[in-house]
Amino acid sequence: MPKQHALNAADQNRALGLSTFAFTICFAVWTIFAIVGIEIKADLGLNDTQFGLLVGTPILTGSLTRLMLGIWTDQRGGRIVFPLTMLASAASTFLLSYAENYYVMLLAALGLGLAGGGFAVGVAYVSKFYPQERQGAALGFFGMGNVGAAVTKFLAPWVMVAIGWQGVAQVWAGALALVAVLFYLFARDDPEFAARKADGTKARSLKEQLEPLKSEQVWRFSLYYFFVFGAFVALALWLPQYMVSLYGVDVKTAGMLAATFSLSASLFRAYGGMLSDKYGARRIMYATFGVSLVCLFMLSYPATDYVIHGIRGDIVFSTSMSLVPFVITVFVLGFFMSLGKAAVYKHIPVYYPDHVGSVGGMVGMVGGLGGFILPIVFGAVSDLTGIWTSCFMVLFALVGIALAWMHIAIRQMEQKAAGMDNRSLPEFPEMADLHEEKKHAAAKPSKVLAEWKPEDSEFWEQTGERIARRNLFISIPALLLAFAVWMVWSVVVAKLPSIGFDYSTDQLFWLAALPGLSGATLRIFYSFMVPIFGGRLWTTLSTASLLIPAFGIGYAVQNPETPYVIFLVLALLCGFGGGNFASSMSNISFFFPKAQKGNALALNAGLGNLGVSVMQFAVPLVIVAGVFGVLGGEPQQTAEGGELWLQNAGFIWVPFIIVATMLAWFGMNDIADAKASFAEQSVIFQRKHNWLMCWLYTGTFGSFIGFSAGLPLLAKHQFPQIDVLQFVFLGPLVGALSRAATGWVSDRWGGARVTFWVFVLMMLGVLAVAYFIEAGSWWGFLAAFIFMFFMTGVGNASTFQMIPNIMRQEVPRLMPQLSREASLRQSEKESAAIVGFTSAIAAYGAFFIPKSFGSAISATGSPMAALWGFFIFYASCAALTWWAYSRRGGLLHDIERGRAPVPAEPTNQLKGATA
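Residues numbered from 1 in each chain as written. Predicted model: local features only at pLDDT ≥ 70, side-chain atom pairs only at ≥ 80, totals over all residues. Heavy atoms only, no water.

1. A short note on the overall build of the chain
The secondary structure content of the chain amounts to 39 helices and six strands. Residue burial in the chain is summarised as follows: out of 915 residues, 58% are buried. Considering only contacts in the chain between residues 6 or more positions apart, those separated by 24 or more positions represent 82%. Roughly 35200 Å² of accessible area belongs to the chain as shown, and the carbon and sulfur atoms make up 66% of that amount. (Helix = DSSP H or I, 4+ residues; strand = E, 2+ residues; numbered from the N terminus. Buried < 20%, exposed > 50% of the residue type's maximum accessible area, 1.4 Å probe, protein only. Contact = heavy atoms within 4.5 Å. Areas by Shrake-Rupley, 256 points an atom, 1.4 Å probe, with all protein chains shown as cover.)

Rendered as structure tokens:
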């Protein structure tokens, strides 16, 4: 037995060493155009698109042939397929040196590209020598042959200077032919092929080999490899001429600097394989895509000059990445791409141990196609945009798509695995029933709760409550910041005219209204994001997205020449904050048992809504001082001769958003089986009471959020002599607190009766606002609006108190076939769905109310037309509430007066959970 182990180790080392060396030379030949192409481009006068096609053609051949070469390796053995592939490529490379025009060079490049197909041969050949627990490291070491690109970049410039590009082609062809001969002489057949040859067993047919390619997973892995390998090849080809053109270095310097990227993207591939074996390929892929996203964002940002018109003249500064930071950034990018390449190929032998050749060939083919397609795209985008960094913009979008697809797929796997008896999530969850856990298990993702039973009192007391409250306490400040950013534009637009922005009243009200429009629309989509992405990731992403409008506002308001369209875009982006409510409430609802959902959701929503008041209180304070010093920019001169740092209205939230984002990522959890089917919830669109409650809730919450958005600008327009920003925060504060403090009123007297009187009193409130505007009384105007805000809070609680009672009446009537228990579950499901949908529709009030004020003032010079419109709308709400619910014979009349039993005790899930 020891002798057998030694023999196996020797065979393994021989196969791995020879294959890695051969692949290194193949890769050096495959990327030869990265250097010789620069001189060819100059000699033939090629444009960027033609150059991209030339350097990409060998990549096309090497990619397209990988599938068949992998299959042939499984069938015929790598010992014969690898040398034949190298010899065919060597012949074409040698003939390239005699090509005299562009089209002949393209033809020779097709044959030269066979060298790239050697990767599929090597993967299928080497993997046969190693057990699954060591295949990641072995294939990672083999993949280090990518360093051949660095060999070409280091050596080819010197050879080209000495004997021309034709000499480079001839020397590289000779080296490849020599290695082909040596490989055939010293390599041995892989164990599987040798055993099959000894037994006389036929290889699997082509149809059997291609069978796994029907799986979506293969194509998902292919997309990963399209980035980690295809983008690596594309950049290896593109970077030398990029640095020659952009930074003005000579070809030898560009080759050596570009080689640092190739080295980092190659040498660390073996390390990536070891990390994948130890920690799991999934974690390595997350790290790869996450860091790549950051690096590519930095590389994508074009060199830009900024001019700030300051008090003592223009302040000019620029942003650009010099050569040294550029080289460091691409080195880091290459390092993580090398880890990702190993992680992708760690999956293949585990998922498809009997089809490594075909699956590895397909993944390698698609990845290689990236090396062909991307240089062409780089050239075309560069020609079209004229922006140097456009190539990195393309890659930024690509890695973003790959990361999103990967995470969605993993979420689906975790949800499936959560339903299995074995609760320990393996590295590949959907294979839990096919493999022994000990062979494939990696450490369970600590942030994924595979088992979550809040209704189990023992589980809740020992484990669940602590975790649930931690997630709630992180969610609350994140949601508070979301509301603050959503409504911050209402304060900013009130100050724009005073610092030199010459916009009409209607334009200003448009800016105040657009965050409500986008926020309400996003709520509809955000409602479904948590089950897809997971609460932890989505909370992190949605909170981080607030940085975009926060930074945008900070920069845009510093220059009065900023185009109006930029402000329109920023106003729409502020809607990110409005959308966050739907996903935040959905996420928290999964954590708590029914008995505590109401309180948890009320805390999350109520304290989140306070973000409006916090913003309206804090922003007027921070915009009158240079809070951030020189980092925050110079102050703007006001029409009254004072100074204003309006940029602080955006910048002040940045540090808090960053902290909240980090807390969400490091402190929150995903629940593996947190699922909610859209099809199950879509039944509410057939319920008339869903639409009736949308109308009523728009009258309560729509008024709350709409007045919050429109009041600062309306007050500033009607009372220009008053510093209104010192007072307008009181309205949203009262509205948020009154909701939490008056829920008992609806419980005592009935939601329909309370809602009816809320709308009657809001009609009186509208008349009071109109009266005090005509009288020119600021304090009367403010008091009337505070009264209106108070009533919206009472109405928010009362309307949502109605929903579960309505559905407990309606579901038994609409679905009489259901048992009592099934009817109760169905009514709760539909009640929850109606809560979410009505909150999304009502949020449009944040658009329509400010826009109504603006349109009325623009048309008539007064907001009275809008106020009369609100009066009529509240009258219709009161009439609807009375007719459908609270009158004698109405749906809730007898229940609220104790004359009929409630079909089932309402859960606490919906009490107070309004926003």
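2. Some remarks on the nonpolar core
Formed by 124 residues in total, the largest nonpolar core has its most connected members in Trp489, Leu496, Trp653, Phe781 and Phe853. It is helix α35 (residues 778–814) that contributes the most residues to this core, 15 residues altogether. Each residue touching Phe781, except ones within four places of it in the same chain, is listed here: Leu711, Leu714, Ala715, Phe719, Val769, Phe772 and Ile773. Formed by 115 residues, the second largest nonpolar core is a distinct cluster that contains Ala108, Phe119, Tyr130 and Cys391. (Core = buried A, V, L, I, M, F, W, Y, C linked by side-chain atoms within 4.5 Å.)

3. Comments concerning helix α20 (residues 457–495)
Over its 39 residues, α20 extends 54 Å from the first C-alpha to the last, a length consistent with the 57 Å expected when each residue adds 1.5 Å. At Gly464, α20 shows its strongest bend, of approximately 60°. (Expected span 1.5 Å × (residues − 1). Bend = angle between axes of the 7 residues up to and from the residue.)

4. Brief notes about the side chain of Ser300
One can find Ser300 in helix α15 (residues 281–300). A relative accessible area of 8% places Ser300 in the buried class. Within polar-contact distance, the side chain of Ser300 engages the backbone nitrogen of Met393 at 3.3 Å. The residues contacting Ser300, other than those within four sequence positions of it, are Thr389, Phe392, Met393 and Phe396. (Polar contact = N/O pair within 3.5 Å; in protein donor to acceptor, adjacent residues only side chain to side chain.)

5. Digging into the pattern of salt bridges
Once the charged atoms of two side chains with opposite charge are near each other, the side chains can pair. Enumeration over the complete set of coordinates arrives at three salt bridges. With its nearest N and O atoms 3.1 Å apart, the salt bridge here joins Arg188 to Asp11. On the criterion of sequence distance, the pair formed by Arg188 in the loop between α9 (148–186) and α10 (191–199) and Asp11 in helix α1 (residues 2–30) is long-range, its members being 177 residues apart. Of the charged contacts in the structure, one is a salt bridge between Arg469 and Glu465, with a shortest N-O distance of 3.3 Å. Taken together, the residues Arg469 and Glu465, both in helix α20 and four residues apart, mark about one turn of the helix. Residue classification places Arg469 among the partly exposed residues on the basis of a relative accessible area of 24%. Glu465 gets classed as partly exposed once you look at its relative accessible area, which sits at 29%. (Salt bridge = Lys/Arg side-chain N within 4 Å of Asp/Glu carboxyl O.)

6. Some details on a nonpolar patch on the surface
Side chains of Ile80, Leu84, Leu87, Leu178, Val181, Leu182, Tyr184, Leu185 and Phe186 sit close together on the surface and give an oily, nonpolar patch of about 820 Å² of accessible area. Listed by contribution, the elements that provide at least two residues to the nonpolar patch are α5 (78–96) and α9. By residue number, the principal contributor to the nonpolar patch is α9, which donates six residues. Assignment of secondary structure puts Leu178 in helix α9. (Patch = residues over 30% accessible without salt bridge, like charges linked within 9 Å, V, L, I, M, F, W, Y side chains within 5 Å.)

7. Side note on the packing of aromatic side chains
Counted according to the given criterion, the structure contains 38 aromatic pairs. Relative to Phe701, the ring of Tyr697 lies with its centre 5.7 Å away and its plane at 15°, an arrangement referred to as stacked. Separated by four residues within a single helix, Tyr697 and Phe701 lie in helix α31 (residues 688–718), roughly one turn from each other. There is no split in this pair, since Tyr697 and Phe701 are both buried. Arg79 extends its terminal NZ or CZ atom over the ring of Tyr184, reaching a point 4.4 Å from the ring centre. (Phe/Tyr/Trp six-rings, centres within 6.5 Å; stacked < 30°, edge-to-face > 60°. Lys NZ or Arg CZ within 6 Å of the ring centre and 35° of its normal.)

8. A short note on the environment of Leu818
Relative to the elements of secondary structure, Leu818 occurs in the loop between α35 and α36 (820–842). With residues up to four places along the chain from it excluded, the contact list for Leu818 reads Val811, Ser823 and Gln826.

9. Observations regarding the packing of α5 against α9
A packed helix pair is summarised by two numbers, namely the angle formed by the two axes and the spacing between the axes. Contact geometry of α5 with α9 gives a least axis separation of 8 Å together with a crossing angle of 165°. The angle between the axes of α5 and α9 places the two elements in the roughly antiparallel class. For α5 against α9, the interelement crossing comes out left-handed. Of the residues in α9, those touching α5 at Gly78, Arg79, Ile80, Phe82, Pro83, Met86, Leu87, Ser89, Ala90, Thr93, Phe94 and Leu96 are Trp165, Ala169, Gln170, Ala173, Leu176, Ala177, Val179, Ala180, Phe183 and Tyr184. Across the contact of α5 with α9, the residue classes break down as 17 nonpolar, four polar and one charged. (Axes fitted to C-alpha atoms, helices over the stretch in contact; angles between N-to-C directions. Parallel < 35°, antiparallel > 145°, perpendicular 65-115°, else oblique. Left-handed = near helix turned anticlockwise from the far one by under 90°. Nonpolar A, V, L, I, M, F, W, Y, C, P; charged D, E, K, R; others polar.)

10. Focus: the packing of α20 against α31
Across the interface, α20 lies against α31 with an axial gap of 8 Å and an inter-helix angle of 15°. Judged by the angle between their axes, α20 and α31 are roughly parallel. Between α20 and α31 lies a crossing of right-handed hand. Every residue of α31 that contacts α20 at Phe483, Trp486, Met487, Ser490, Val493 and Ala494 is listed here: Ile705, Ser708, Ala709, Pro712, Leu713 and Lys716. When the residues that make up the contact of α20 with α31 are grouped by side-chain class, the tally is nine nonpolar, two polar and one charged.

11. Focus on the environment of Leu139
Counting through the fold element by element, Leu139 comes out in helix α8 (residues 132–143). Separated by 204 residues in the primary sequence, Leu139 and Ala343 place their C-alpha atoms 9.6 Å from one another.

12. Some points on helix α29 (residues 654–667)
Under the 1.5 Å per step criterion, the end-to-end length of α29 is 19 Å for 14 residues, consistent within 8% with the ideal 20 Å. Among the residues making up α29, those that are buried are Val654, Ile657, Ala660, Thr661, Ala664 and Gly667. Buried residues along α29 sit against α20, α23 (535–544), α24 (547–556) and α28 (648–651).

13. Things to note about the side chain of Ser584
Within the secondary structure, Ser584 is located in helix α26 (residues 575–589). Among the residues examined, Ser584 registers a relative accessible area of 9% and is labelled buried.

14. Topic: the confidence of the model for the chain
Overall, the prediction assigns the chain a mean pLDDT of 77, with 80% of residues at 70 or greater. The lowest-confidence element of the chain is helix α19 (residues 437–440), averaging 37 in pLDDT; the highest-confidence one is helix α38 (residues 864–886), averaging 93. Below a pLDDT of 50 lies the segment residues 1–7, which in the model reaches one contact outside its immediate sequence neighbourhood of four places, other chains included. Predicted confidence for residues 420–445 stays below pLDDT 50, and this span has 49 contacts to residues more than four positions away or in other chains. (pLDDT = per-residue confidence, 0-100.)

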